[in-house]
Amino acid sequence: MSSYIVIGGGILGASTAYHLAKENAKVTLVDRMDLGQATDAAAGIICPWISQRRNKKWYELVKNGAKYYSQLVEDLEDLGETTTGYKKVGAIALQNEEKKLRKMLERAIEKREDAPEIGELKILTPEETKALFPLISEDFSSLYVEGAARVDGRAMRDALIRGAKKLGAEVIYGEADISNGVLLIDGNPCDAEVIILTTGAWGNELPSKLGADMKVSFQKAQIMHFRIENKATGDWPVVLPPTNQYLLAFDNGKVVAGSTYEENTEYDISVTEAGKLELIEKSTSTAKVLETAFIEEVRVGFRPYTPEFLPIIGKIPGFESIYFANGLGASGLTAGPFVGAELARLVLGKKTVLDLSVYAPV
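Read on for a plain summary of the structure. The residue numbers shown here count from 1 along each chain, following its written sequence. Totals for whole chains, interfaces and linings use all residues, but because this is a predicted model, local features are given only for residues with pLDDT of at least 70 and pairs of side-chain atoms are given and counted only at 80 or more. Remark: hydrogens and water are excluded; side-chain values derive from all non-hydrogen atoms of the structure.

Here's the deal with the environment of Asn188
Here is step 1: Counting through the fold element by element, Asn188 comes out in strand 12 (residues 188-189).
Here is step 2: Under the scheme applied here, a residue whose accessible area is under 20% of the maximum for its type counts as buried, over 50% as exposed, and between as partly exposed, the area being computed with a 1.4 Å probe on protein chains only. Judged by its relative accessible area of 48%, Asn188 falls in the partly exposed class.
Here is step 3: For the pair formed by Asn188 and Leu12, sequence separation is 176 residues and the distance between their alpha carbons is 25 Å. Strands are runs of DSSP state E lasting at least 2 residues, helices are runs of H or I lasting at least 4, and numbering of each runs from the N terminus.

What follows is the structure in structure tokens.
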């Protein structure tokens, strides 16, 4: 039996290991638990259909990612993993211009033709919008998207890892390195027929030791967690304001506001006053009541990007048994589980859902 080592235990690596184990492969997942992992900080919005981004290759990944969640959650629950952090709650995309709302609705209706999981679409009045998410100021109408969901990145990653272990995978929390072409785990040589690198913002490290430049960059993101007195928040929809910010609610009064998009920060995991101010200003412009909410924590993560902001999936050039997947960026929680399933199929020589050659490293 071939053996597979997945290096990097974020949402993508965890999904890859889980899907390999599901196919009865001998798989080891290695993660060094770096502070600032994107998955560890993120609260995911699963609603790719109303984006104005026109890159079709990107859209195929996120569309399939959103669709795949229902099946994935069902499979994990069959393994006894019921704490996945995923819930279909719908989304409300805010607007105060009728023309823009109509355009958004038209785009979503068009996309629903091959993505029926979008579900019901309707324009809501400011009163109807506020009824769904009571913190919202009364200035906004919205587009309601029934099929949208939220996911807690930590919870989903952990469920995938627990599921992988139940299916026979080994998980090692330690340091992976490559020296003179030999894979080392915590300094000890490790044999594997196939190595799969899913190391996110640290994606250049191991390929560079092989003489490969994968051109991974990253953005720092700060995400604020509020706690409000209202405990009945678990069914509230995701809120998508007209900017690149968002609000989403979880159970027991937790409201998450994100996020900053910071360049050239190195691996600085510190919470900054500028970051907190930006998050407070933008979230309270949508939900003024948050001015008096308790700030529970601010999480920091690094979103990985690859050239043209399009993910890379495939073999590292010149290496037949070393695969690389990276660059999911802000779409990591939407696309990560699906890409992990695709990557597992690819390395096993099985037919993939998409033509992954269009995402191959060059």
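Overview of the sheet that holds strand 11 (residues 182-185)
Here is step 1: Taken in spatial order, the three strands of this open sheet run 10-11-12, and their pairing is antiparallel. A strand with exactly one partner marks an edge of an open sheet, and here the two such strands are strand 10 (176-179) and strand 12.
Here is step 2: Pairing of strand 10 with strand 11, which is carried by four bridges, proceeds in the antiparallel orientation. By the bridge assignment for strand 11, Ile178 is matched with Leu183. For two strands to pair, DSSP has to find at least two bridges joining them.

Notes on the sheet that holds strand 3 (residues 43-46)
Here is step 1: Taken in spatial order, the three strands of this open sheet run 3-8-4, and their pairing is antiparallel. Each of the sheet's edge strands pairs with one partner strand only, and the pair in question is strand 3 and strand 4 (86-88). For this sheet, the mean inter-axis angle between neighbouring strands, taken without regard to orientation, is 15°.
Here is step 2: Contact criterion: two residues are considered in contact whenever any of their non-hydrogen atoms come within 4.5 Å of each other. Helix axes are fitted to C-alpha atoms over the stretch in contact, other axes to C-alpha atoms as well, and angles between N-to-C directions run from 0 to 180 degrees. Here helix 3 (residues 56-78) sits on the sheet and contacts strand 3, strand 4 and strand 8 (149-152); the angle it forms with strand 4, its principal contact strand, is near 115°.
Here is step 3: Of the strands in this sheet, strand 4 and strand 8 touch helix 6 (residues 153-166), which is tilted by about 70° from strand 8.

With respect to the nonpolar core
Across soluble globular proteins, you tend to see nonpolar side chains buried next to one another.
Here is step 1: Take the buried Ala, Val, Leu, Ile, Met, Phe, Trp, Tyr and Cys residues and link them wherever side-chain atoms come within 4.5 Å; each set so joined is a nonpolar core. Counting residues in hydrophobic clusters, the biggest one holds 77 residues, and the most contacted among them are Leu20, Cys47, Trp49, Ile50, Met156 and Leu240.
Here is step 2: In terms of residues, this core owes the most to one element, helix 3, which gives 10 residues.
Here is step 3: With sequence-adjacent residues up to four places away left out, Met156 is seen in contact with Ile11, Tyr69, Leu72, Val73, Leu76, Thr84, Tyr86 and Val151.
Here is step 4: Membership of the second largest hydrophobic core comes to 22 residues, among which are Leu94, Met224, Phe226 and Leu247.

Side note on the pairing of strand 7 (residues 141-145)
Here is step 1: Of all five residues that make up strand 7, five are buried, and the element is covered over most of its length.
Here is step 2: Note that strand 5 (residues 91-95) and strand 7 share five bridges and pair antiparallel. From the neighbouring strand, Ile92 faces strand 7, where its bridge partner is Tyr144.
Here is step 3: Note: strand 6 (residues 121-124) against strand 7, four bridges, orientation antiparallel. Bridged to Lys122 within strand 7 is Tyr144.

With respect to the packing of helix 3 against helix 9 (residues 332-347)
Here is step 1: In contact at an axis separation of 7 Å, helix 3 and helix 9 are set at 75° when each is read in the N-to-C sense. What the angle tells us is that helix 3 and helix 9 run roughly perpendicular. Residues Leu61, Val62, Asn64, Gly65, Ala66, Tyr68, Tyr69 and Leu72 of helix 3 lie in contact with helix 9, whose contacting residues are Leu333, Thr334, Ala335, Pro337, Phe338, Val339 and Ala341.
Here is step 2: Note on residue categories: nonpolar means Ala, Val, Leu, Ile, Met, Phe, Trp, Tyr, Cys or Pro, charged means Asp, Glu, Lys or Arg, and polar means any other residue, Gly included. Residue composition of the contact of helix 3 with helix 9, grouped by class: 12 nonpolar, three polar and no charged. Here the word oblique covers every angle except those under 35 degrees (roughly parallel), over 145 (roughly antiparallel) and from 65 to 115 (roughly perpendicular).

Description of the packing of aromatic side chains
Here is step 1: Side-chain rings of Phe, Tyr and Trp (the six-membered ring for Trp) are treated as a pair once their centres are within 6.5 Å; stacked means planes under 30 degrees apart, edge-to-face means over 60, and tilted covers the remaining angles. Counted by the stated rule, this structure contains nine aromatic pairs.
Here is step 2: With a centroid separation of 5.3 Å and an interplanar angle of 10°, the aromatic rings of Trp202 and Tyr267 are classed as stacked. With Trp202 in the loop between strand 13 (194-197) and helix 7 (205-209) and Tyr267 in the loop between strand 17 (254-258) and helix 8 (273-286), this residue pair connects regions lying 65 residues apart in the sequence.
Here is step 3: Residue Tyr267 is classed as partly exposed on the basis of its relative accessible area, which comes to 40%.
Here is step 4: Relative to Phe302, the ring of Trp202 lies with its centre 6.1 Å away and its plane at 85°, an arrangement referred to as edge-to-face. Residue Trp202 is found in the loop between strand 13 and helix 7, and its partner Phe302 is found in strand 18 (residues 294-305); the two are separated by 100 residues along the sequence. Here Trp202 and Phe302 have matching classes, each one buried.
Here is step 5: These aromatic residues form a ring-pair network of at least three members: Trp202, Phe218, Tyr267 and Phe302.

In short, shape yes, function no, at least from these values alone.
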